[in-house]
Amino acid sequence: METAEFVRILDREGRSLAAAAERAGTDAKVPTCPEWQVRDLVRHTGAVHRWAAGFVADAHTSPRPFGGLPDLDGADLLAWFREGHERLVDTLASADPDTRCWYFLPAPSPLAFWARRQAHETTVHRFDAESARGGASSEITAEFAADGIDELLTGFHARARSRVRSERPRVLRVRATDAEGAVWTVRLTQEPPAAERSEEGDAECEISGPAAQVYLSLWNRVPFPGVTGDGSLAELWRVTSGI
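It should be emphasised that the depicted structure is a prediction, and the values quoted were computed from it without experimental measurement. (Residues numbered from 1 in each chain as written. Predicted model: local features only at pLDDT ≥ 70, side-chain atom pairs only at ≥ 80, totals over all residues. Heavy atoms only, no water.)

In this section: the overall build of the protein chain. Scanning the protein chain for helices and strands turns up seven helices and five strands. Helices (α) and strands (β) of the protein chain occur, in sequence order from the N terminus, as α-α-α-α-α-β-β-β-β-α-β-α. For 243 residues, the compact-globule formula gives about 18 Å, and the C-alpha radius of gyration of the protein chain, at 18 Å, lands near that figure. Considering only C-alpha atoms, the protein chain reaches an extent of 50 × 40 × 30 Å along its principal axes. In the protein chain, the share of contacts with a sequence separation of at least 24, taken over all contacts with a separation of at least 6, comes to 66%. Accessible surface, the protein chain as shown: approximately 11200 Å² in total, 49% of it carbon and sulfur. In the protein chain, 28 positive and 37 negative side-chain charges are present, and the distance between their average locations comes to 3 Å. (Helix = DSSP H or I, 4+ residues; strand = E, 2+ residues; numbered from the N terminus. Rg over C-alpha atoms; globule rule 2.2 N^0.38 Å. Contact = heavy atoms within 4.5 Å. Areas by Shrake-Rupley, 256 points an atom, 1.4 Å probe, with all protein chains shown as cover. Lys, Arg positive; Asp, Glu negative; His and termini not counted. Charge placed at Lys NZ, Arg CZ, Asp CG, Glu CD.)

Written out as structure tokens, the structure reads:
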């Protein structure tokens, strides 16, 4: 997927998040994040948007602390969120493709990284906001969901901070049934998980289903759509994979 497409998705998803949060009300509980109310979700995502925009806009080449959360609520909080989201979208859409700044997962460029990361960050939290609002959730395309699975398995959980570990070597397969070539083999050891987009070798357990459902389940937002083989390996992921 191209950077411009990720920016378009970020734009749409942020608007949908704000609309769902407004309808739910900032006091509402977030079923997919039981420790949060909607105000916590909006504050967190809005702060992430400002943090991300700062790296690109100011060309920061080293990490810097995450900004504080605003002491706002209700309509004022939603207005603050919308302003920060719009600023992030505009920053990414207008940035020089050769912009150099800090980023933390493999990517073709810093700009490509931030557009992709914020599109997925906002999509998952839009789903959270819609879970608080109730009713049907917005669609996630199979192509975008498969990209998000890839980012999570080969990016986030390849880092040392991943807690998905196994005392003995184990192999998990992840398959999106509605996206071409969307199969991953994840090797678990006492080191960070090693994932590759392939179907080589045997696996003890397979998580499979439509890409959108697999995507959300790997982010621990919904149950796994389908599990075959040793279910304890899927449970290991569920218990230890929180980010």
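Read on, since the account is not over.
As a further point, take the layout of surface pockets. The space that makes up the largest pocket amounts to roughly 810 Å³. In terms of lining residues, the largest pocket is bounded by 32 residues, among which His44, Glu121, Phe156, Trp219 and Ile243 are the most central. Taken together, the elements giving at least two residues each to the lining of the largest pocket come down to α2 (38-58) and α4 (110-133). Per-element accounting of the lining of the largest pocket gives the leading share, six residues, to α4. (1 Å grid on protein atoms, 1.4 Å probe; cavity = no way out; pocket = protein on both sides within 12 Å on 5 of 7 lines; lining within 4 Å. Points joined across faces, edges and corners; volume = space filled by probe spheres on them.)

Examined against the element boundaries, aspartate 202 turns out to sit in the loop between β3 (194-196) and β4 (205-209). Judged by its relative accessible area of 74%, aspartate 202 is exposed. It is 43 Å that separates the C-alpha atoms of aspartate 202 and arginine 15, two residues lying 187 residues apart in sequence. (Buried < 20%, exposed > 50% of the residue type's maximum accessible area, 1.4 Å probe, protein only.)

With that settled, consider the packing of aromatic side chains. The relative placement of two aromatic rings is captured by the distance of their centres and the angle of their planes. Under the criterion given, the structure shown has 16 aromatic pairs. Measuring from centroid to centroid gives 5.2 Å for tryptophan 51 and phenylalanine 55, while their planes differ by 85 degrees, and the two rings are edge-to-face. One end of the pair, tryptophan 51, and the other, phenylalanine 55, are both in helix α2, four residues apart, so they sit about a helical turn from each other. The pair tryptophan 51 / phenylalanine 55 is uniform in exposure class, with both members buried. Summarising the aromatic geometry, the rings of phenylalanine 104 and tryptophan 114 are spaced 6.0 Å apart at their centres and angled 80 degrees between planes, so their arrangement reads as edge-to-face. With phenylalanine 104 in the loop between α3 (74-94) and α4 and tryptophan 114 in helix α4, this pair connects stretches of sequence that are 10 residues apart. Taking relative accessible area as the criterion, phenylalanine 104 reaches 22% and is therefore assigned partly exposed. (Phe/Tyr/Trp six-rings, centres within 6.5 Å; stacked < 30°, edge-to-face > 60°.)

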